[in-house]
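Chain by chain, the residues run as shown.
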Amino acid sequence: MGNARQERPARIELGRALRAGGAMSDDWAGAFVAVPRAAFLPELMWPWDMEAGRSVAVSRADEPERWQAYADADCPVVTQWDDGRHAGTEPGKVSSSSASMPSVVFRMLRDLDVRTGDRVLEVGTATGWNAALLAHRAGERRVVTMEVDRALADRARTALEAFGSSVRVVHGDGFRGYPEGAPYDRIIGTCGLRRFPWAWVEQCRPGGVVVAPWGTHFSNADGVARLVVAEDGRSASGRFTGPVEFMKLRTQRLPPVVHGEYVRGSVAEGWETSTDVTEAEFLGGRFGPQRFAVGLRVPDCLLVEAEKRDGVRPVWCYGLRDRSWACTQFRDGAKARVRQYGARRLWDEAEAAYRWWVAHDRPGHERFGLTVTAAGERVWLDGSGESWEP
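Every value quoted in this text rests on a predicted model; they were computed, and no experiment measured them.

Description of the overall build of the protein chain
A tally of helices and strands in the protein chain yields 10 helices and 20 strands. Radius of gyration (C-alpha) of the protein chain: 22 Å, near the 21 Å computed for a compact globule of 390 residues. Taken over the C-alpha atoms alone, the protein chain extends approximately 65 × 55 × 40 Å along its principal axes. Expressed as a percentage of its 390 residues, the buried residues of the protein chain come to 52%. Considering only residue pairs separated by 6 or more positions, the protein chain has 58% of its internal contacts joining residues 24 or more positions apart.

In structure tokens, the structure reads:
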């Protein structure tokens, strides 16, 4: 599979870093060496520039060394904007496909625990790199990958064929899975889920493993769920292994929330109160567990952080069942002011969820778990009797 090539120093260093940091287990090192990400990236791509804090356009034809440096870096690379409607070199409005950070890719592959001979279904082909890694590990003609975007599916199929990989690329809605290839030993989703597809559980053998990012509409702070299918096939259950952010399964994207449809007059119309919870406590870091945990306890709600100006950051909560809203103005060195409006007191719900999280010793992702049945989903904490529908 692929052609022999001299390893580049930057890629060698990336491999060392992935192993030293625990992202890549030893059994995936061979696949990392044999299947370079660069073989699957487009000529024009938009990697995330860590220093600039934004996506930047890089053309292989114009800047081959810079292009290669990003291909060998542990950074995400956008490969499509606006579902393919975007044209030109400048970034589009919404990123709709990407090559994930290698550290994220190999953490999820580690969780999947693929063995030689396993039958694997991947949902979310994107560039095809992840599918090629799976094929290298599982073996010839053992991997099926699904992509809902026909242009991306065609591009990935071409790249996989050029590389010499035997992956079968299917254009279709991955939420339904691919029953023609079932049963699978392993199923992996490389897109964020808001509802776990029961079809995946049905198509995975008893004792098989399903790995996918899962979360709520509250924020983009997802967790990687690693579920094992029960012996009777009637459920799949397991813990979250860590934080992650992924583009959402297209059929589960949240429609844009229009602020003017919620606040039709002045924010002052809302019921006013205050809170002792600080911005840092409530929001945490980008990959902290707070937003993930709060989202589990506050259903049908979207959190939006506004830009911070003059020491004030407005944080909005929008109800997704009605037009309830809340605006919490976090102020440096002072109590936050809160305005709430509508049938729900959304900040009260969010603060109560935050205090629940604190009272349970601030659990990280790994203390939460998910159980999926044909009837729906339940989240649980510490394997105890405490569980709830998100």
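From this point, things continue past the structure.
What to know about the nonpolar core
Core analysis: the biggest nonpolar cluster contains 57 residues, and F196, W200, W214, F282, F368 and L370 have the highest contact counts within it. Broken down by element, the residue count for this core peaks at 7 residues, all from helix α10 (residues 346-359). Not counting the four nearest positions on each side in its chain, F368 is found in contact with R239, F240, F292, A293, L296, W356, P363, V379, W380, L381 and W388. Judged by nonpolar contacts, the second largest core, of 38 residues, contains L18, A159, L160 and V244.

A closer look at the pattern of salt bridges
Across all of its chains, the model carries 32 salt bridges by this definition. Its salt-bridge partner being R19, residue D26 comes within 3.0 Å of it at the nearest N-O pair. With a relative accessible area of 58%, D26 lands in the exposed category. Overall, R19 belongs to the partly exposed group, its relative accessible area being 43%. Salt-bridge contacts for D222 lead to R194; the nearest nitrogen and oxygen are separated by 2.9 Å. Residue D222 is found in strand β11 (residues 222-229), and its partner R194 is found in the loop between β9 (184-189) and α7 (198-203); the two are separated by 28 residues along the sequence. As far as burial versus exposure is concerned, D222 and R194 are alike and both buried.

Side note on the pairing of strand β7 (residues 143-147)
Buried residues dominate β7, accounting for 5 of its 5 residues. Where burial is concerned, the two faces of β7 agree: the one with V143, T145 and E147 and the one with V144 and M146 are both buried. Where strand β6 (residues 120-123) lies against β7, 4 bridges are found, and the strand directions are parallel. In the strand pairing of β7, V123 is matched with M146. Bridge count for β7 against strand β8 (residues 168-171) is 4 bridges, and the pairing is parallel. Pairing of E147 across the sheet is with H171, part of β8. Note on the crossover from β7 through helix α6 (residues 150-163) to β8: the handedness is right-handed.

What about α10?
An ideal rise of 1.5 Å per residue puts 20 Å on 14 residues; α10 measures up with 20 Å between its terminal C-alpha atoms. Looking at α10, one finds that the buried residues are L346, W347, A350, E351, A353, Y354, W356 and W357. Just downstream of α10, D361 is the residue with a positive phi angle, here 65°.

Quick notes on helix α3 (residues 64-71)
Within α3 the residues assigned to the buried category are W67, Q68, Y70 and A71. Taken end-on, α3 shows its buried residues confined to a sector of 160°, consistent with a single buried face. Residues of α3 that are buried in the fold lie against β1 (44-49) and β3 (58-59).

Comments concerning the sheet that holds strand β18 (residues 368-373)
The 10 strands lie next to each other as β8-β7-β6-β9-β10-β11-β12-β18-β19-β20, forming an open sheet whose pairing is mixed. Since the sheet does not close on itself, it has two edges, and those belong to β8 and β20 (387-388), each with one partner. Here β18 runs beside strand β19 (residues 376-381); their pairing, made up of 6 bridges, is antiparallel. Bridging across to β19, V372 finds its partner in E377. Lying on the sheet, α6 is in contact with β7 and β8; it crosses β8 at an angle near 170°.

Calculation rules
- Residues numbered from 1 in each chain as written.
- Predicted model: local features only at pLDDT ≥ 70, side-chain atom pairs only at ≥ 80, totals over all residues.
- Heavy atoms only, no water.
- Helix = DSSP H or I, 4+ residues; strand = E, 2+ residues; numbered from the N terminus.
- Rg over C-alpha atoms; globule rule 2.2 N^0.38 Å.
- Buried < 20%, exposed > 50% of the residue type's maximum accessible area, 1.4 Å probe, protein only.
- Contact = heavy atoms within 4.5 Å.
- Core = buried A, V, L, I, M, F, W, Y, C linked by side-chain atoms within 4.5 Å.
- Salt bridge = Lys/Arg side-chain N within 4 Å of Asp/Glu carboxyl O.
- Pairing = 2+ DSSP bridges.
- Right-handed = clockwise from strand over helix to strand, strands pointing away.
- Expected span 1.5 Å × (residues − 1).
- Arc of directions from axis to C-beta.
- Axes fitted to C-alpha atoms, helices over the stretch in contact; angles between N-to-C directions.

The quantities given are spatial measurements derived from coordinates; they are silent on function.
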